[in-house]
Amino acid sequence: MVSPHSQSRRVAIMVTAVTLAIFGGLVAVITWQLRSSLRQEVLRREAEALHSVTLMQLGEGESRIAPFGGGDVTDLLFAAVLESSRLRGVLAVQLFDVAGVMQAALPRGESDAVVERWWPARVEAPGARYLPAGDLETVLRSPVRGEPARVPLVDVVVPLRWPVGEAAELAGVARYWLDGAPVAAEFARMDRRLAGQAGVAFAGGAILVGLVLAWAFARLADANRRLVEQSADLARANAELD
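Residues numbered from 1 in each chain as written. Predicted model: local features only at pLDDT ≥ 70, side-chain atom pairs only at ≥ 80, totals over all residues. Heavy atoms only, no water.

Q: Just checking my understanding: could you explain helix α4 (residues 181-241) for this structure?
A: Helical periodicity: at 3.6 residues per turn, an α-helix aligns residues three or four positions apart in one direction. The end-to-end C-alpha distance of α4 is 88 Å, a good match for the 90 Å that 61 residues give at a rise of 1.5 Å each. Along α4, the residues that are buried comprise Val-183, Glu-186, Phe-187, Met-190, Leu-194, Ala-198, Gly-205, Ala-206, Val-209 and Leu-213. (Helix = DSSP H or I, 4+ residues; strand = E, 2+ residues; numbered from the N terminus. Expected span 1.5 Å × (residues − 1). Buried < 20%, exposed > 50% of the residue type's maximum accessible area, 1.4 Å probe, protein only.)

Put into structure tokens, the structure is as follows:
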């Protein structure tokens, strides 16, 4: 026969384990959401930096052709894209029109393969995505020898408006392929910090939850013991009366 004390101890252990599991799950979910948010901020920073440089190059190009009152817009847009691609870490650039058709690219590649367009039809703001194992041959549009075929990449798209200004119409989309190694290193550092913070939060919370539950079960056991003693006293008093 299982004693009430042993049964109460098992219940206490089960309740504590379930509570800690729920608490650990909440910490994991919050940490994962924070990780996702921080990664998006890093990618947004990369995209906005390229967007700012591209706008500056477009503004300079507009000022150069303004006195002549002409110039091919596609050539001008691609020239601005090429100028901004001088930033460190840019591996390849592509220029698309508003319909999503590639107009120019560097490297040009051996063939015009079908381009995977993950951005919306009308790009209102710069955006970026991180590919932990991107296909370098697809980016460079030619076979790669002596280099790993799968490398971290950052894929950035930037809206191009012409003429330059807030009310300008969308004239095209610039796509930049960046070396993702620095971003991968930054993500790894962020993950280590988040894992450490989550571990500290869980450990501290687990200790606090354990102490609170231990105190609560001790009070409950004490109340149960007093109730049993009172019931025994009442039973003895009834027996004496009989």
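Here the narrative resumes.
Q: Explanation requested: the confidence of the model for the chain in the structure shown.
A: Detailed conclusions should not be drawn from predicted coordinates in areas where pLDDT is low. Chain-level pLDDT for the chain is 82 on average; 85% of the residues reach the 70-or-more range. Strand β3 (residues 127-135) holds the highest mean pLDDT among the elements of the chain, 92, whereas helix α3 (residues 136-140) holds the lowest, 80. (pLDDT = per-residue confidence, 0-100.)

Q: Honestly, the nonpolar core in this entry has me stumped. Any pointers?
A: Generally speaking, a soluble globular protein has its nonpolar side chains buried in company with each other. One finds Val-154, Val-156, Leu-160 and Tyr-176 to be the most contacted residues of the largest nonpolar core, which totals 27 residues. At the level of secondary structure, the elements contributing two or more residues to this core comprise α1 (4-65), α2 (73-84), β1 (90-96), β3, β4 (150-162), β5 (169-179) and α4. (Core = buried A, V, L, I, M, F, W, Y, C linked by side-chain atoms within 4.5 Å.)

Q: Looking at this model, I keep getting lost on α2. Mind explaining?
A: Taking 1.5 Å as the rise per residue, α2 with twelve residues should run 16 Å; its terminal C-alpha atoms sit 17 Å apart, in good agreement. Leu-76, Leu-77, Phe-78, Ala-80, Val-81 and Ser-84 are the residues of α2 that are buried.

Q: Which parts of the structure should I look at to understand the environment of Thr-74?
A: Here Thr-74 is to be found in helix α2. Measuring from C-alpha to C-alpha, the distance between Thr-74 and Ala-104 comes to 8.6 Å, with 30 residues separating the pair along the chain.

Q: Teacher, can you tell me more about the sheet that holds strand β2 (residues 102-106) here?
A: Backbone hydrogen bonds hold the strands of a sheet together, and the pairing may be parallel or antiparallel. Read from one edge to the other, the open sheet built from five strands follows the order β2-β1-β5-β4-β3, with strand pairing classed as antiparallel. Each edge of the open sheet carries a strand with a single partner, namely β2 and β3. Taking the axes of each pair of neighbouring strands and ignoring which way they run, one obtains an average angle of 20 degrees across the sheet. Pairing between β1 and β5: six bridges, direction antiparallel. Following the sheet pairing, Leu-95 is matched in β5 by Ala-174. Across the face of the sheet, α2 comes into contact with β1, β2, β4 and β5 while running at roughly 165 degrees to β1. (Pairing = 2+ DSSP bridges. Axes fitted to C-alpha atoms, helices over the stretch in contact; angles between N-to-C directions. Contact = heavy atoms within 4.5 Å.)

Q: What is the right way to read the pairing of β5 from this model?
A: Consecutive side chains of a regular strand alternate in pointing toward one face of the sheet and then the other. Burial analysis of β5 places eight of its eleven residues in the buried class, which makes it a mostly covered element. Note: β4 against β5, ten bridges, orientation antiparallel. Its bridge partner lying in β5, Arg-161 is registered against Leu-170.

Q: I keep staring at the environment of Val-73 and nothing clicks. Help me out?
A: Relative to the helices and strands, Val-73 is located in helix α2. Val-73 sits 90 residues away from Pro-163 along the chain, and the two C-alpha atoms are 9.3 Å apart.

Q: Whenever I open this one, the packing of aromatic side chains confuses me. Can you help?
A: Between two aromatic rings, the relevant description is the distance of the centres plus the angle of the planes. Following the criterion strictly, the structure yields four aromatic pairs and no others. Residues Phe-23 and Phe-202 carry aromatic rings whose centres are separated by 5.9 Å and whose planes lie at 20 degrees to one another, so their mutual orientation is stacked. Remark: Phe-202 occurs in helix α4 and Phe-23 occurs in helix α1; sequence separation between them is 179 residues. Judged by relative accessible area, Phe-23 falls into the partly exposed class, the value being 24%. Both rings, one in Phe-96 and one in Trp-119, keep their centres 5.2 Å apart while their planes meet at 65 degrees; by these two values the pair is edge-to-face. Here Phe-96 is found in strand β1, whereas its partner Trp-119 is found in the loop between β2 and β3, with 23 residues between them in sequence. (Phe/Tyr/Trp six-rings, centres within 6.5 Å; stacked < 30°, edge-to-face > 60°.)

Q: Would you mind going over the pairing of β2 with me for this structure?
A: Across four bridges, the pairing between β1 and β2 is antiparallel. Counted as the bridge partner of Gln-94 is Ala-105 from β2. The turn linking β1 back onto β2 is made up of five residues, and Gly-100 within it adopts a positive phi angle of 90 degrees.

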